[in-house]
Amino acid sequence: MSGAKGGARAVREDRLWQRHADMAKLGGTAKGGVNRQALSAEDAAARNLLASWAHARGFSVFTDAIGNLFVRREGADATAVPVMSGSHMDSQPTGGRFDGMYGVLAAFEALEAMEDAGVKTRRPVIAVAWTNEEGSRFQPGAMGSAVFAGRYALDDMLAAKDWEGIALRDALASTLAAAPAPMRPGKPGFAVAGYVEAHIEQGPRLENEHKTIGVVTGIQGSRRYIVQVDGEEAHAGTTPRAARKDAFAAATRMAAAMYAATADEGDTLRFTIGRVEVHPGSPNTVPGRAGFTIDLRHPSDEILEAQEKALHEIVAREAAPCAARIERVTNVAPTDFDPAVIDLVRARAKALKLPSMDMPSGAGHDAMHIATLCPAGMIFVPCERGISHNEIENATPGDLAAGTRVLVAVLEELANR
Ligand code: HGY
Ligand code: MN
Ligand code: MN
């Protein structure tokens, strides 16, 4: 690998690819994707596998009260504030084997490569797997990193419930019992000198523009809502339309109006209804209750603010004869990464003779929270046709290794500052 020195020379493409294959067995689906939802048995298995690899290399492993999992490689100065890199191991229900996992395995490969190359950094370097980034089982998403950064209160998150009513507190307890690790006492969070996250792009730009490395400049703003409509159960055969309080009919009116209201000229606004619930869900009972989630994203907070007002107006206008409310579950402002980290990622990609381009992230990542604590940045690599949150998500061993070489080079620089 021309231009590579230090740990970047010791990155092993085959080892990194094999680790992805090993992890993809945990929650593996028939289509080659993964269903490894936060704090599930599959998540616990992934935690144990990562910890076993870490112990085999003599790295220390610890967790915190929200279940973030840390793998620490010591530096020359054990008291120095560490540098960190990582992502998440939980997946969407029909997820791919690279979303999140690549960032965790690239960080771990970085530690191994530094070890293999005999690189001694001044600062310790930590690889991290954040708890519940996807937020598909438990809301909000990016939970572990947000609690670590002090943006969400631990107790509020422990009280969160999944769609079956299971409390996060209980799911976390069983996960930590199944995947035990020394617990760092007290509230999650500690000083970090710098954070870099590697991730597949989850979009088509790098592939279309024949670039290997995305130098990520920031992350667009994202908000998540739940709409709840309350009507009245009634008999499907005997109840005239005029007498109905059909919660699903009201919900569909709202959804149709929202799709129309969020269709913007430049196709920049992202509006998604990903989950719908209808109660009691019987073919011959008029729904008395209906609910749906809203995922709203845009690079501008002002636009998001204006759109939020429009959503409230639509819910109020379309609810009758039912009652309805819209509740905001998350509100993460647009993130600008640290210019010095952005420059460092770009410079190291260049030194490694890897074609790169600056670009924003359309997807949310744990880095959006850690960027409030310390200088942070991200490194993207291409994924096939930009497809993600889909079992056919794919990437190449060469691109994964290339992104990891850039990561090692950046981490070594940050860990020696
Ligand atoms: O939703 C997101 O942007 C991330 O992939 N969880
Ligand atoms: Mn992700
Ligand atoms: Mn994701």
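Here is what the cut-offs are and how they apply
Residues numbered from 1 in each chain as written. Chains lettered and ligands numbered in written order. Predicted model: local features only at pLDDT ≥ 70, side-chain atom pairs only at ≥ 80, totals over all residues. Heavy atoms only, no water. Donors = N, O, S within 2.8 Å, 3.2 Å for Na, K, Ca; no water. Helix = DSSP H or I, 4+ residues; strand = E, 2+ residues; numbered from the N terminus. Buried < 20%, exposed > 50% of the residue type's maximum accessible area, 1.4 Å probe, protein only. Domains from an automatic or database assignment. Contact = heavy atoms within 4.5 Å. Buried area = accessible area lost by both parts, 1.4 Å probe. Salt bridge = Lys/Arg side-chain N within 4 Å of Asp/Glu carboxyl O. Near = heavy atom within 4 Å. Polar contact = N/O pair within 3.5 Å; in protein donor to acceptor, adjacent residues only side chain to side chain. Areas by Shrake-Rupley, 256 points an atom, 1.4 Å probe, with all protein chains shown as cover. Nonpolar A, V, L, I, M, F, W, Y, C, P; charged D, E, K, R; others polar.

Caption draft 1: Summary view of the coordination of the manganese ion (ligand 3). Taken together, D99 (OD), E134 (OE), E134 (OE) and H389 (NE2) make up the protein donors of the manganese ion (ligand 3), found 2.2 to 2.6 Å from the metal. Going along the chain, you hit the donors of the manganese ion (ligand 3) in the pattern D-x34-E-x254-H. The distance between the manganese ion (ligand 3) and the manganese ion (ligand 2) comes to 3.5 Å, and D99 binds to both of them. Of the two residues, D99 is situated in the loop between β3 (83-88) and α4 (101-117) and H389 in the loop between β16 (376-381) and α13 (397-415); the sequence distance between them amounts to 290 residues. Given the relative accessible area of 7%, D99 is considered buried. With a relative accessible area of 40%, H389 lands in the partly exposed category.

Caption draft 2: Inspection of the domain arrangement of the chain at higher detail. For the chain, the assigned domains read domain 1 (2-220 + 334-415) and domain 2 (221-332). For domain 1 and domain 2, the distance between their C-alpha centres works out to 34 Å. Counting residues at the interface gives 15 residues for domain 1 and 15 residues for domain 2. Of the roughly 1,200 Å² buried between domain 1 and domain 2 on both sides combined, carbon and sulfur atoms contribute 54%. Ranking the residues of domain 1 by area buried against domain 2 places W163, Q220 and P334 at the top, with a combined share of 53%. At the boundary of domain 1 with domain 2, the tally comes to zero salt bridges.

Caption draft 3: Seen up close, the site of ligand 1. Lining the immediate environment of ligand 1, one finds E133, E134, Q202, R297, A363, G364 and H389. E134 is positioned such that a nitrogen or oxygen atom in its side chain is 2.9 Å from a nitrogen atom of ligand 1. R297 places a polar side-chain atom, nitrogen or oxygen, 2.6 Å from an oxygen atom of ligand 1. Alone, ligand 1 offers 210 Å² of accessible surface; in the complex the protein occludes 90% of this. Taken together, the residues of the shell around ligand 1 break down into one nonpolar, three polar and three charged.

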